[in-house]
Amino acid sequence: MKRILLSIGAAAIFCSYSCKNSQNSKQETVQAHPVKSNITDEQLMDKVQKDALKYFWEYAEPNSMLGRERYHEDNIYPDNDKHVITTGGSGFGLATILVGVERGFVPRKDAVKRLTIMMDFLAKADRHKGAWSHWINGETGKTVPFGKKDNGGDLVETAFLTSGILMVREYFKNGNTEEKALAKKCDELWKGIQWNWYTKGGEKVLYWHWSPEYQWEMNFPLEGYNECLITYVLAASSPTYSIDAETYYKGWTRNGTYTTDKTKYGLPLYVKHNYAEEYGGPLFWAHYSYIGLDPTGLSDKLVKNYFDLNKNQVLIDYKYCVENPKQWKGYGPNYWGLTASYTRNKDGGIGYTAHMPSNDNGVITPTAALSSFPYTPKESMDFLRFLYTQKPQFIGSAGPYDATSINYNDWFTPRYLAIDQGTIAPMIENHRTGFLWKLFMNAPEIKQGLKKLSFRSAKYGIQ
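These figures come from a predicted structure and were not determined experimentally. (Residues numbered from 1 in each chain as written. Predicted model: local features only at pLDDT ≥ 70, side-chain atom pairs only at ≥ 80, totals over all residues. Heavy atoms only, no water.)

Q: What should I look at first to understand the overall build of the chain in this one?
A: Helix and strand content of the chain: 15 helices and 15 strands. Taking 463 residues into account, the globule formula puts the C-alpha radius of gyration at 23 Å, and the chain, at 20 Å, falls close to it. On the principal axes, the C-alpha backbone points of the chain span a range of 55 × 50 × 45 Å. Burial status across the chain gives 64% buried among its 463 residues. A separation threshold of at least 6 residues defines the contact pool for the chain, and within that pool the share at least 24 residues apart is 69%. Of the roughly 16,200 Å² of accessible surface on the chain, 48% is carried by carbon and sulfur atoms. (Helix = DSSP H or I, 4+ residues; strand = E, 2+ residues; numbered from the N terminus. Rg over C-alpha atoms; globule rule 2.2 N^0.38 Å. Buried < 20%, exposed > 50% of the residue type's maximum accessible area, 1.4 Å probe, protein only. Contact = heavy atoms within 4.5 Å. Areas by Shrake-Rupley, 256 points an atom, 1.4 Å probe, with all protein chains shown as cover.)

Q: Sorry if this is basic, but what is going on with the UniProt feature "domain: Glycoamylase-like" (unreviewed entry) in the chain here?
A: In the UniProt entry, the feature "domain: Glycoamylase-like" (unreviewed entry) is given for residues 219-443. Taken as a whole, residues 219-443 contains 33% helix and 11% strand, while its terminal C-alpha atoms sit 32 Å from one another. (UniProt positions renumbered as here; feature names shortened; annotations may be inferred.)

Q: Please clarify how the pairing of strand β9 (residues 340-344) should be interpreted in this entry.
A: Every regular strand shows the same layout, with side chains that alternate between the two sheet faces. Among the 5 residues that make up β9, 4 are buried, leaving the element largely enclosed by the rest of the structure. Counting the residues between successive antiparallel strands, the hairpin from β9 to strand β10 (residues 350-354) contains 5 residues, one of them, G348, with a positive phi of roughly 90°. (Pairing = 2+ DSSP bridges.)

Q: Would you take a moment to explain helix α7 (residues 229-237) for this structure?
A: Each α-helix turn comprises 3.6 residues. Residues three or four places apart therefore point the same way. Most of α7 is tucked away: 9 of the 9 residues are buried. Where α7 is buried, its residues touch α5 (155-172), α6 (177-191), α8 (245-252), α9 (306-323), α14 (435-441) and α15 (444-452).

Q: In this structure, what is going on with the pairing of β10? I would like to understand it.
A: Of all 5 residues in β10, 5 are buried; the element is thus mostly enclosed. Neither face of β10 is open: one carries I350, Y352 and A354, the other G351 and T353, and all of them are buried. Strand direction decides the pairing type here: β9 and β10, joined by 5 bridges, are antiparallel. Paired with T343 across the bridge in β10 is G351.

Q: I would appreciate a short explanation of the sheet that holds strand β2 (residues 84-86) in the present structure.
A: Strand order across the open sheet formed by 3 strands is β2-β3-β4, with antiparallel pairing between neighbours. Looking at the sheet topology across the chains shown, the edges are occupied by β2 and β4 (143-144).

Q: Help me understand the pattern of salt bridges in this model?
A: Pairing between side chains becomes possible if they bear opposite charge and their charged atoms approach one another. Inspection of the entire model under this criterion finds 29 salt bridges. The partner of K142 in a salt bridge is D126, and the shortest N-O contact between them spans 3.8 Å. Linking K142 in the loop between β3 (135-137) and β4 with D126 in the loop between α4 (108-124) and β3, this pair joins segments that are 16 residues apart in sequence. What makes D126 partly exposed here is its relative accessible area of 23%. For E170, the salt bridge is made with R169, and the minimal N-O distance between the two is 2.8 Å. (Salt bridge = Lys/Arg side-chain N within 4 Å of Asp/Glu carboxyl O.)

Q: Please clarify how the environment of K447 should be interpreted in this entry.
A: Note that K447 resides in helix α15. The exposure class assigned to K447 is partly exposed, which follows from its relative accessible area of 24%. Once the C-alpha coordinates of K447 and I462 are considered, the two residues, 15 residues apart in sequence, prove to be 6.6 Å apart. Ignoring any residue separated from it by four or fewer positions in sequence, one finds K447 in contact with M441, N442, Y460 and I462.

Q: Could you clarify how one ought to interpret the packing of aromatic side chains in this entry?
A: Ring pairs (aromatic) are described by centroid distance and by the angle formed between their planes. For the structure on display, the rule yields 37 aromatic pairs. Ring centres of Y55 and Y416 lie 6.4 Å apart, and the angle between their planes is 70°; this geometry places the pair in the edge-to-face category. Of this pair, Y55 sits in helix α2 (residues 41-57) while Y416 is found in strand β15 (residues 415-417), placing the two residues 361 residues apart along the sequence. Y416 carries the same exposure label as Y55, and that label is buried. When the ring of F92 is compared with that of Y288, the centres are 4.9 Å apart and the planes differ by 45°; the resulting orientation is tilted. Within this pair, whereas F92 is found in helix α3 (residues 87-102), its partner Y288 is found in the loop between β8 (267-268) and α9, the two being separated by 196 residues in sequence. Y288 shares its class with F92; the two are buried. (Phe/Tyr/Trp six-rings, centres within 6.5 Å; stacked < 30°, edge-to-face > 60°.)

Q: Just to check I follow, could you spell out the packing of α4 against α6 for this structure?
A: Helix packing for two helices is described by the angle between their axes and how far apart those axes are. One way to put it is that α4 packs onto α6 with a least axis distance of 10 Å and a crossing angle of 30°. Taken together, the axes of α4 and α6 are roughly parallel relative to one another. Handedness of the crossing formed by α4 with α6: left-handed. Along the contact surface, α4 presents R108, V112, L115, T116, M119, D120, L122 and A123, while α6 presents E178, E179, L182, K185, C186 and L189. Within the contact of α4 with α6, the residues separate by chemical class into 8 nonpolar, 1 polar and 5 charged. (Axes fitted to C-alpha atoms, helices over the stretch in contact; angles between N-to-C directions. Parallel < 35°, antiparallel > 145°, perpendicular 65-115°, else oblique. Left-handed = near helix turned anticlockwise from the far one by under 90°. Nonpolar A, V, L, I, M, F, W, Y, C, P; charged D, E, K, R; others polar.)

Q: Before we go on, may I ask you to explain unusual backbone geometry in this structure?
A: Only a minority of non-glycine residues have a phi that is not negative, and only a minority of peptide bonds are not trans. Backbone geometry at Y275 places phi at a positive 60°, although glycine is not the residue there. For Y275, the position within the fold is in the loop between β8 and α9. Located in the positive-phi region is N324, a residue other than glycine, with phi close to 55°. Tracing the backbone shows N324 in the loop between α9 and β9.

Q: Can you help me understand the nonpolar core in this one?
A: What tends to happen in soluble globular proteins is that the nonpolar side chains get buried as a cluster. With 150 residues, the main nonpolar core has Y248, L293 and Y306 as its most contacted residues. The dominant element in this core, judged by the number of residues it contributes, is α5, at 11 residues. Filtering out sequence-adjacent residues up to four positions away, Y248 remains in contact with L229, Y232, T253, Y258, D300, Y306, L453 and F455. (Core = buried A, V, L, I, M, F, W, Y, C linked by side-chain atoms within 4.5 Å.)

Q: Looking at this model, I keep getting lost on the side chain of H355. Mind explaining?
A: You can see H355 is positioned in the loop between β10 and α10 (366-370). Among the polar contacts listed, one links the side chain of H355 to the backbone oxygen of T339, at a separation of 2.8 Å. In contact with H355, not counting residues within four places along its chain, are P282, L338, T339, A340, S341, Y342, T343, N361, V363 and T365. (Polar contact = N/O pair within 3.5 Å; in protein donor to acceptor, adjacent residues only side chain to side chain.)

Printed below as a string of structure tokens:
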């Protein structure tokens, strides 16, 4: 997300809200009991998926039913933003709810009712040339500025949301009357997004933001490798406001210059990760675009296999944590994973940063390893098992807390973020069954859009 890109680009920690100091409020947290060590792998995956689902099912914003930006068990909200929903995180929440339905964790009929409320809310919420803002007031549908000039459309957050919307459409389109009506609402929302507007008058690159008040002043082109690939895939796939292949290759790939022959720990990186070329970026770059986009055997003109690209990024992160050059207590094969999340400030308060090998402060974010299951099933399972059987203090009412540190006396923040909790159940399910990948990749427009961009996938007949 752009909060992270800004932090990396400026080589500094950047907070997306006022990170006022707040110590652990352990007496107010929900403490889990350790699960028995003989629990099976399948039972463990079921448990963490159910736990993560609670964020979007039990703790959703009550009017829109969409995902809150954050949920704090300590009930400390420095910016009084309990009612603010996040567009991208809500997209991951849609995918999470589908996993819940498919696995029988939530009743299908109840899910359809709730999803319908969500789509009706999104249809009435503020839109900016079809795109939604990063944050929306869940009570009114009005744009909540993410920053002074960031008070309009956010194309990347819209892409994460749209990926979920399309999966909902595909899942219910052949169902009963209520389900078909839901699918139709999803289709209309998808077709209303003016992706090509965000080329700023026809430039061969997509821009992240447009504001009716500040126009293009944010000036953030989507180029180079980060988490934004899905934005170009959706923009090329749009049946109403599409971009051409030249925009992808000139913009996203920096005119074909974003590949690299660099390796780390003997593993090829394949592409230049923006501002993180030595080790690769935070691990959410291997998750956000790939909730629906199946990287297995997926290639384009420059990348031979996106699965290998993502797998190597995760393995480099893993090997870095095992090597543990900064000698943080606890780091190792069972406790690893660096990505953007809440963090522990030097004074012990709660902040926010993009954890990665080049920005490692001793904090491990559970979603990093858990959402990497498709790429590192053994390493991710070792982490999952350790967390639930050995570190129950790191588990709250909606699964693993957002940020943890064994090094700092088992420090944790009793808080959750939608963008982190929302990738856990979907990516674990993609590892288990490929469920969401199949939904998204078989959508007719997606197949056409990928073909337009010269993507290939034998798995889905895209040649």
